[in-house]
Amino acid sequence: MSSIQTVGIIGAGTMGNGIAQACAVSGVNVVMVDISEAAVAKGLATVAGSLDRLIKKEKITEADKAAALSRIKTSTSYDDLKGAELVIEAATENYDLKVKIVKQLDGMLAPEAIIASNTSSISITKLAAVTARADRFIGMHFFNPVPMMALVEIIRGLQTSDATHAAVHDLSTRLGKTPITVKNAPGFVVNRILVPMINEAFFVLAEGVASAKDIDAGMMLGCNQPIGPLALADMIGLDVCLAVMEVYLQEFGDSKYRACPLLKEMVAAGHLGRKTGRGVYSY
């Protein structure tokens, strides 16, 4: 399989435009598609703003910015994706929506094209099964903010071929990312370990073992984490953390994934973290 030159991206939101930037800066052509002109324009403006910040930090030049932006084509039509060797779906984390997008792509892309999903929780095996190219379906889970975060989780569904994995691994490396290879399983690697750790921090807080500040300080200084688990929960959104734990409990059927009652209580109160101005901490 020759190396990927053109990447299609479905979704111009935070993840979509971040992936577009990472590709364009690395010399890969991008077609970024969203449902409205306003959405794609906003996505492109975000990329331009991000590149301006890199110019200020003297990481790139004005010429680099111009070259990167020239590689991004925006569209509201899937027809413009026909020349892409890889299309990454970066739409909202909703199974029915992703199935609809994936089926649409499967019906119109060249037979040898690869479809990837930037999902953080949906089964790659299950998504691959709705297509006629299950061997050319894979997960590419980027982390936010995409231009800054080095990690990509490459998720192999049960059906993903070695050639598909190799092509996507090669592209990830070309984007300056460090890929890790993961078998399809709820939460993959990072979130599978991270969210239960956050949940455990809520148990420690609920039991009055230590204050929120001291729990966070302990994990930052004792485990070299840049931000404590409770402050991180406020950033992610307590509702998101709770939803993830509930998926694990359902999928694994193991009581170790039960959500902390304090976490449930705070979500019920509407204290969801930074986005509501109040979570474990006040903002």
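Model, not experiment: these values are computed from the prediction. Along every chain, residues carry numbers that run from 1 in the direction the sequence is written. With the structure being a predicted model, the display of local features is reserved for residues of pLDDT at least 70 and the display and counting of side-chain atom pairs for 80 or more, all residues being used for whole-chain, interface and lining totals. Calculated side-chain values reflect all of the structure's heavy atoms, with hydrogen atoms and water omitted.

A.B. asks: Hey, could you run me through the sheet that holds strand E3 (residues 72–75) in this one?
C.D. replies: Backbone-to-backbone hydrogen bonds join strands into a sheet, with any given pair of strands oriented parallel or antiparallel. The eight strands lie next to each other as E3-E2-E1-E4-E5-E6-E7-E8, forming an open sheet whose pairing is mixed. Of all the strands in the sheet, the pair left with one neighbour each is E3 and strand E8 (178–183). Each strand of the sheet is rotated relative to its neighbour by a mean of 25°, with strand direction disregarded. Strand pairing is assigned whenever DSSP identifies at least 2 bridges connecting the two strands. Helix and strand assignments follow DSSP, with helices taken as H or I runs no shorter than four residues and strands as E runs no shorter than two, numbered in order from the N terminus. As defined by bridge partners, strand E2 (residues 29–33) adjoins E3 across four bridges and the pair is classed as parallel. Bridge assignment links Val-31 to a residue of E3, and that residue is Lys-73. Only C-alpha atoms enter the line fits that serve as axes; for helices the fit covers just the stretch in contact. Angles between N-to-C directions range over 0 to 180 degrees.

A.B. asks: How do you make sense of the environment of Gly-218 when you look at a structure like this?
C.D. replies: Within the secondary structure layout, Gly-218 lies in helix H8 (residues 212–223). In this scheme, a residue with accessible area under 20% of its type's maximum is buried, one over 50% is exposed, and one in between is partly exposed, where area comes from a 1.4 Å probe on protein chains only. Look at Gly-218 and you get partly exposed, because its relative accessible area is 38%. Sequence separation of Gly-218 and Pro-229 is eleven residues, and the distance between their C-alpha atoms is 9.9 Å.

A.B. asks: What's the story with the UniProt feature "binding site: NAD(+)" (unreviewed entry) in the protein in this structure? I'm lost.
C.D. replies: UniProt positions are given in the numbering used here, feature names are shortened, and annotations may be inferred rather than shown by experiment. What UniProt calls "binding site: NAD(+)" (unreviewed entry) maps, in this numbering, to Gly-11, Ala-12, Gly-13, Thr-14, Met-15, Gly-16, Asp-34, Glu-93, Lys-98, Ser-120, Asn-144 and Lys-275. A maximum C-alpha distance of 25.2 Å among these annotated residues, which run over 265 residues, shows that they spread across the structure rather than meeting at one spot. Residues from the named set that contribute to the lining of the second largest pocket are Thr-14 and Asn-144. Inspection of the secondary structure puts Ala-12 in the loop between strand E1 (6–10) and helix H1 (14–25). Whether a set of points on the 1 Å grid over the protein atoms alone is a cavity depends on a 1.4 Å probe fitting there but being unable to get out, while an open set qualifies as a pocket with protein on both sides within 12 Å along at least five of seven lines; lining residues are those with an atom within 4 Å of a point.

A.B. asks: What is the right way to look at the domain arrangement of the protein in this model?
C.D. replies: One frequent convention defines the size of an interface as the accessible area lost when the parts assemble. Under the domain assignment used here, the protein contains domain 1 (4–181) and domain 2 (190–274). Between the C-alpha centres of domain 1 and domain 2 the distance comes to 29 Å. Those domain boundaries reflect an automatic or database domain assignment.

A.B. asks: What am I meant to see in the UniProt feature "domain: 3-hydroxyacyl-CoA dehydrogenase NAD binding" (unreviewed entry) in the protein here?
C.D. replies: UniProt annotation of "domain: 3-hydroxyacyl-CoA dehydrogenase NAD binding" (unreviewed entry) refers to residues 6–184 when read in the numbering used here. For residues 6–184, the helix share is 41%, the strand share is 22%, and the end-to-end C-alpha distance is 26 Å.

A.B. asks: I'm lost on the nonpolar core in this one. Help?
C.D. replies: Within soluble globular proteins, side chains that are nonpolar tend to cluster in buried spots. Put simply, a nonpolar core is a bunch of buried Ala, Val, Leu, Ile, Met, Phe, Trp, Tyr and Cys residues held in one set by side-chain atoms that sit within 4.5 Å of each other. Ranked by size, the top nonpolar core spans 36 residues in total, and within it Val-7, Ile-19, Leu-86, Ile-88, Met-140, Phe-142 and Leu-171 carry the most contacts. Top element by residues in this core is H1. It accounts for six residues. Dropping the residues within four chain positions of it, Phe-142 is found in contact with Met-15, Ile-19, Ile-88, Asn-118, Leu-151, Val-152 and Leu-175. One finds Val-99, Leu-109, Ala-113 and Leu-127 within the second-largest nonpolar core, a separate group that totals 24 residues. Residue contacts are counted whenever heavy atoms from the two residues lie within 4.5 Å of one another.

A.B. asks: I keep staring at the layout of surface pockets and nothing clicks. Help me out?
C.D. replies: Summary: where empty space remains is shown by rolling a probe the size of a single water molecule over the atoms. Grid points are joined across faces, edges and corners, and a volume is the space filled by probe spheres set on the points. In this structure, the second largest pocket spans a volume of roughly 250 Å³. Forming the walls of the second largest pocket are 14 residues, and the residues nearest its centre are Gln-21, Ser-50, Arg-53, Pro-145 and Pro-147. Mapped onto the lining of the second largest pocket, the elements with two or more residues apiece are H1 and helix H2 (37–56). For the lining of the second largest pocket, a count of residues per class yields five nonpolar, seven polar and two charged. Charged means Asp, Glu, Lys or Arg here, nonpolar means Ala, Val, Leu, Ile, Met, Phe, Trp, Tyr, Cys or Pro, and polar covers whatever is left, Gly included.

A.B. asks: In this structure, what is going on with unusual backbone geometry? I would like to understand it.
C.D. replies: As a rule of thumb, non-glycine residues mostly have phi less than zero, and peptide bonds are mostly trans rather than cis. In this structure, Pro-145 follows Asn-144 across a cis peptide bond, with omega equal to -5°. With respect to the secondary-structure elements, Pro-145 resides in the loop between strand E6 (137–142) and strand E7 (151–156). Despite not being glycine, Phe-188 has its phi angle at roughly 55°, a positive value. Assignment of secondary structure puts Phe-188 in the loop between E8 and helix H7 (190–206).

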